[in-house]
Every structure is written in C-alpha cells, then in structure tokens.
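In case you want the letters, here they are:
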Amino acid sequence: MQRSRKLATLLDGAWGIPNTRWRFGIDAVLGLLPFAGDLVSALLGLGIVWHAHKLNAPRLLKFRMMGNIGLDFLLGSVPVIGDIADVAFRKNLRNASLLEDWVAIQAKKEQ
C-alpha cells in the first residue's frame, strides 16, 4: 500500500505551488508534452492498477481505476484544458485512495 501511495504522490502531488493549496507532480510535467507525455503518464498510472491486481482486487475496482486513467488521457489530449486537468483531476491519488479504501474494507471483513 505504501508503494501505491508513494507512486501516486510522486505523480500527482510531489511539489506545491507557493502560496496556494495546489500541488502537482510528474504527471502534470509530462502532460506538457503533446500525446507522448500523456501516454507515458497513463503507463505510469497503471502501476497502481498493477498493485491492485497483485492484491487480488475485484475487476470492478480495477476497471474504475483504468477509467480514471482513460479519462485523464482523453482530457490530456485537449490543449490547455488537459494541462489544467492534470493538476486538478489527480487520477493517481484517486486510484490510490480507491485501493486503500478497498483494502480497509477487506481488513474489517477479516476481523
């Protein structure tokens, strides 16, 4: 779980914009490169889905996570709006939270 959270933070929230609450990561920087940057960003985001797969997460959860990646990829293909979406949508942190929530529910079921 820590690996997923660290990857998500690196991709979506590694650095803060001074005097704001906004954070950005490698994902936003890659998004500045037309198409190739969004493709690399999507591939990196699949690392969190891979962690979910290794934890035997349900298909529906993995599909939802891949949907977040796909939506971000589509938004990223629109000039300017895509760059803003990379900072605002934060697909990797969303996916890490989805995975953490699922793991917490599984832990409660086992008790």
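Everything numeric in this text was worked out from a predicted model, so none of it was measured.

The next subject is the packing of aromatic side chains. All chains considered together, the criterion is met by 2 aromatic pairs. Geometrically, the ring pair formed by Trp15 and Phe24 is tilted, given 5.7 Å between the ring centres and 45° between the ring planes. Taking relative accessible area as the criterion, Trp15 reaches 41% and is therefore assigned partly exposed. We classify Phe24 as partly exposed; its relative accessible area is 24%. Note that Arg21 overlies the ring of Trp22, its terminal NZ or CZ placed 5.6 Å from the centroid.

Once that is clear, we can look at the packing of helix H4 (residues 59–76) against helix H5 (residues 81–88). Where H4 meets H5, the axes come as close as 7 Å, and the angle between the chain directions of the two elements is 145°. Between H4 and H5, the contacting residues are Asp72, Leu75 and Gly76 on the first element and Ile81, Gly82, Ala85 and Asp86 on the second. Looking at the contact of H4 with H5 residue by residue, the classes come out as 3 nonpolar, 2 polar and 2 charged.

Right, let's get into a nonpolar patch on the surface. Among the surface-exposed residues, Phe35, Leu39, Leu43, Leu46, Phe63 and Met66 lie close enough to one another that they form a single nonpolar patch of about 590 Å² accessible area. Of all elements in the fold, only helix H3 (36–54) and H4 reach the threshold of two or more residues within the nonpolar patch. At 3 residues, the largest contribution of residues to the nonpolar patch is made by H3. The exposure class assigned to Phe35 is exposed, which follows from its relative accessible area of 55%.

It is worth spelling out the nonpolar core at this point. In a soluble, globular protein the nonpolar side chains are often hidden away together inside. By size, the foremost hydrophobic cluster in this structure holds 14 residues, and its most contacted members are Ala8, Ala52, Ala57, Leu61, Met65, Leu99 and Trp102. Among the elements of the structure, H3, H4 and helix H6 (91–110) are those that each provide at least two residues to this core. Broken down by element, the residue count for this core peaks at 5 residues, all from H6. Setting aside residues no more than four positions away along its own chain, Met65 makes contact with Ile48, Val49, Ala52, Asn95, Leu98 and Leu99.

Basis of the calculations
- Residues numbered from 1 in each chain as written.
- Predicted model: local features only at pLDDT ≥ 70, side-chain atom pairs only at ≥ 80, totals over all residues.
- Heavy atoms only, no water.
- Phe/Tyr/Trp six-rings, centres within 6.5 Å; stacked < 30°, edge-to-face > 60°.
- Buried < 20%, exposed > 50% of the residue type's maximum accessible area, 1.4 Å probe, protein only.
- Lys NZ or Arg CZ within 6 Å of the ring centre and 35° of its normal.
- Axes fitted to C-alpha atoms, helices over the stretch in contact; angles between N-to-C directions.
- Helix = DSSP H or I, 4+ residues; strand = E, 2+ residues; numbered from the N terminus.
- Contact = heavy atoms within 4.5 Å.
- Nonpolar A, V, L, I, M, F, W, Y, C, P; charged D, E, K, R; others polar.
- Patch = residues over 30% accessible without salt bridge, like charges linked within 9 Å, V, L, I, M, F, W, Y side chains within 5 Å.
- Areas by Shrake-Rupley, 256 points an atom, 1.4 Å probe, with all protein chains shown as cover.
- Salt bridge = Lys/Arg side-chain N within 4 Å of Asp/Glu carboxyl O.
- Core = buried A, V, L, I, M, F, W, Y, C linked by side-chain atoms within 4.5 Å.

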